[in-house]
Amino acid sequence: MTVVDFTEPRAESPSAARVPWAEFLRESLQIGWRSAEWDPATLTFVGSLGSPTTDISTCRRPGCRVVVDGARAWCSTCRKVRRQLGLEQPLPPREANPQWTARIDTAARFCLTSLQPLVRDELLFGLQDRDRHQFAIRPQQVRLLVDKIPAETASILALADGQFSGLQRSLLRSVQQAVRRLQVNHAGDDGTSGDVWDCAVVGLRAGRERPYPAVTGQLDFTVIGQPWLRDITRGALRALRPPVTDCHRYVQTAAIASSVLTGRPSGNNPSGLGAGDMTAICQAFQTAVDPKTGAAYSSSHRRSLTGWWRRLIDFSRAAGLMDTIPGAFAVRPDHMMGAVEPSEDDVGRAIPEEWITHLDAHLHLLGASSKFEPDGWTAEDLREMYRVYYQVLRDTGRRPSEVARLSDRPIEYASGQPSLIYDNTKAGRHRRRLPIDQTTASVIEQWSARLASMHVPKGCEGYLFPTPGARNRARQGHLSGSQFRRAFVGWLAVVPEPIGLSEDAAAFGVERIDPYGFRHAFAQRHADSGTAIDVLRDLMDHKEIETTMGYYRVTLARKQKAVQLVAQLALDRNGTAAPFSSELAYARASVATAYGNCTEPSNVKAGGKSCPIRFQCSGCGFYRPDPSYLAAIEQQQAQLRADRAVARADDAARWVLDNLDQQIASYERIADTMRRQLTAMPTPERQAIESACTDLRKARQVALIPTDALRRRPDDHH
């Protein structure tokens, strides 16, 4: 018997190609395949209810043992009774029927005796190939397909899928693709010799989260103009065999590089390439635009383009595909740095809070459009899992892939505070701890308890979000990002249009809402509320503080506008209006301190680090707070009250208590004045001031970072 692995097609020797196709096909069939269900002597398959890869089950009606196609379906008799009683009415248990044995045999079987020998072997090979890729067999669908195949058919490849519909057409396509891959193997090829690859024939995986072979799609290398670059790209992908989605990335980056090289002297002469050519290519990645829309790619996408190109070049160099190309033609670290310059647009993926509130109000619609019921689950079980996944995504700011991989017991308590235990797979840091609210912990624990009482297939055990699987595949592993994304996109399609959004939220648009945007929203929420940047870095589990700084970065134009609005609301230490004469005066005659601007000349000159009265701001005549400091002032009030309680308990001197009392009273006077000012404003004006205050707080968070905080922190594990 010839054993063939079609996940990675192999090239046969020339002598193998001389073996007749029919003989090669027979030798490729798996001997002893499904011995409990398939009888090679009679060419008959009788499915077993106990087989996890045979998609049959008994009727959903209690007491009914009629075998039906698929999981959790109804037999024809019980379906008629349901219609008569009403779909919402529960059916009474069914009484035993002596004819069930024969009906079970009919519903779970198919026979191939009506087919020509070659067609029979091709269909059998296709079914075995589906088995190798863990696609369940549905006997009824195979029987329906066989019944529609004309008796004179010489090869299953001669059938046009337009003659079939629904599941039979899908089954036929997958069988034909398996046979085509075998034919290529029989010919001593692997499908990668030309400039256009058929992904299904080559046997490439569909995607990282879809380990089965692709059934459609092509890779077109002709978009790469230079023959030498086309050969390098094709050779690298032939060796790497990445998923189809990754292949398209490699080809895209090579096509961009090709367009740059077309206009350069050494573009068609690889032996003359140098560092300047590589710099030009990497600069092109930084300005790349989407050819479909003409819009500039986000900086994260531009960064990824540079990364795919670097991996292509590095592998090709190591594999000997670039031996004739000078070593100076290489991606340098400064090329990568140029592509990661942070911009305000990066943070633009953060979903506005108004949109999140609107989605929360319609959470009951998430998953409602799907009637799919995984094995052992109801449709409502699946919808509840999607809802919990969404809430964890929204409340924790973890990446979608990190949420999907959570264990079924991801909460740990320390001193009564719940923490989420997760793996930062992107950075390779495992068992990270994220403090979370008790509300979020309760949502997770309630779902975990519900999950414990539900049927969870063996291949899905240990995950908080088991995969729902597919209609014709056994359930294995955890929920994938693409599975949730389908439900999420369907949800957005039925969520009503929001009313009364602010200008910024309305400009965001529903088309920009993406599951990853909840991570950005989590970070932006903390940055807007004044969370210290080093604290947010830990919450996001960023290794470099520069990454976190993106959420605090404010453009110069926005900062100037914010100063213009807020400068007129500055107060003195007594709560009396003391506006700055202009934005320039606000910026040049004052320095930002923890609780407000300071205009004391020596302290301004020292950048706020030389206060003559040791930062007792509320007692200083140079103190000029504005509403952007209100949250910090309120925090300082709370801290002073705590200090006063400690001083009293320690029997401190009266003058110590008096000093604390006076500072508290002064800050209270200032905070009360600010709150009254904001309350008295018309709503649009107040919203503009609040937005300006948020921008200034973010700008100050970056400005006040000590220089040593910019160094890489140790990779602590906790």
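Everything discussed here concerns the structure shown above.
No experiment lies behind these values; they were computed from the predicted model shown.

Caption draft 1: Local environment of the overall build of the chain. Within the chain one finds 29 helices and 15 strands. Expressed as a percentage of the 718 residues in the chain, the buried residues total 47%. Accessible surface for the chain amounts to roughly 34900 Å². Of this, 52% is attributable to carbon and sulfur atoms.

Caption draft 2: Focus on the nonpolar core. Core analysis: the biggest nonpolar cluster contains 57 residues, and Y390, W447, F465 and F484 have the highest contact counts within it. It is helix α16 (residues 379-396) that provides the largest number of residues to this core, a total of eight residues. Those residues within four positions of F465 in sequence are excluded, and the remaining contacts are M385, V388, Y389, V392, V403, A404, L406, W447, H478 and L479. A214, L237, I256 and C282 belong to the second largest nonpolar core, which has 41 residues in total.

Caption draft 3: Quick look at the sheet that holds strand β2 (residues 44-46). Spatially, three strands are ordered β1-β2-β5 in an open sheet, and the strand pairing comes out antiparallel. Looking at the sheet topology across the chains shown, the edges are occupied by β1 (38-39) and β5 (109-111). Note: β2 against β5, three bridges, orientation antiparallel. Note that in β5 the partner of V46 across the bridge is R109. Contacts from helix α6 (residues 139-148) reach β2 and β5, with the element oriented near 30 degrees to β5.

Caption draft 4: Broad picture of the environment of I325. Along the chain, the position of I325 falls in the loop between α12 (299-318) and α13 (333-339). Here the alpha-carbon distance between I325 and G274, two residues 51 residues apart in the chain, equals 8.7 Å. What I325 contacts, discounting residues up to four positions off in sequence, is W228, I232, P270, L273 and R317.

Caption draft 5: Structural context of the state of the cysteines. Taken as a whole and assessed by the stated rule, the structure comprises zero disulfides. Of all cysteine sulfurs, the one in C78 lies closest to C75, which takes part in no disulfide; the gap is 3.4 Å. Free of any disulfide, C611 has its nearest neighbouring cysteine sulfur in C617, separated by 6.1 Å.

Caption draft 6: How the structure looks around the packing of aromatic side chains. Within this structure, the stated rule accounts for 19 aromatic pairs. By way of ring pairs, the aromatic residues Y386, Y389, Y390, F465, F484, F488, W491 and F518 are connected into one cluster. In this structure, R398 packs its charged tip against the face of F522, placed 5.7 Å from the ring centre.

Caption draft 7: Expanded view of unusual backbone geometry. Although it is not a glycine, R241 sits at a positive phi angle of roughly 50 degrees. For R241, the position within the fold is in the loop between α9 (227-240) and α10 (244-262). Classification of R241 by relative accessible area gives buried; the value is 11%. Phi is positive for R431, close to 50 degrees, though the residue is something other than glycine. Examined against the element boundaries, R431 turns out to sit in strand β12 (residues 429-435). Overall, the relative accessible area of 45% leaves R431 in the partly exposed class.

Caption draft 8: Inspection of the sheet that holds strand β11 (residues 417-424) at higher detail. One open sheet holds the three strands; their spatial order is β10-β11-β12, and the pairing between them is antiparallel. Edge positions in the sheet fall to β10 (411-414) and β12, since each of these pairs with one other strand and no more. Pairs of neighbouring strands in the sheet enclose a mean axial angle of 35 degrees, with direction left out of account. Inspection of the sheet shows β10 paired to β11 by four bridges, in the antiparallel sense. For I411, the partnering residue across the bridge sits in β11 and is L420.

The rules behind each value
Residues numbered from 1 in each chain as written. Predicted model: local features only at pLDDT ≥ 70, side-chain atom pairs only at ≥ 80, totals over all residues. Heavy atoms only, no water. Helix = DSSP H or I, 4+ residues; strand = E, 2+ residues; numbered from the N terminus. Buried < 20%, exposed > 50% of the residue type's maximum accessible area, 1.4 Å probe, protein only. Areas by Shrake-Rupley, 256 points an atom, 1.4 Å probe, with all protein chains shown as cover. Core = buried A, V, L, I, M, F, W, Y, C linked by side-chain atoms within 4.5 Å. Contact = heavy atoms within 4.5 Å. Pairing = 2+ DSSP bridges. Axes fitted to C-alpha atoms, helices over the stretch in contact; angles between N-to-C directions. Disulfide = S-S within 2.5 Å. Phe/Tyr/Trp six-rings, centres within 6.5 Å; stacked < 30°, edge-to-face > 60°. Lys NZ or Arg CZ within 6 Å of the ring centre and 35° of its normal.

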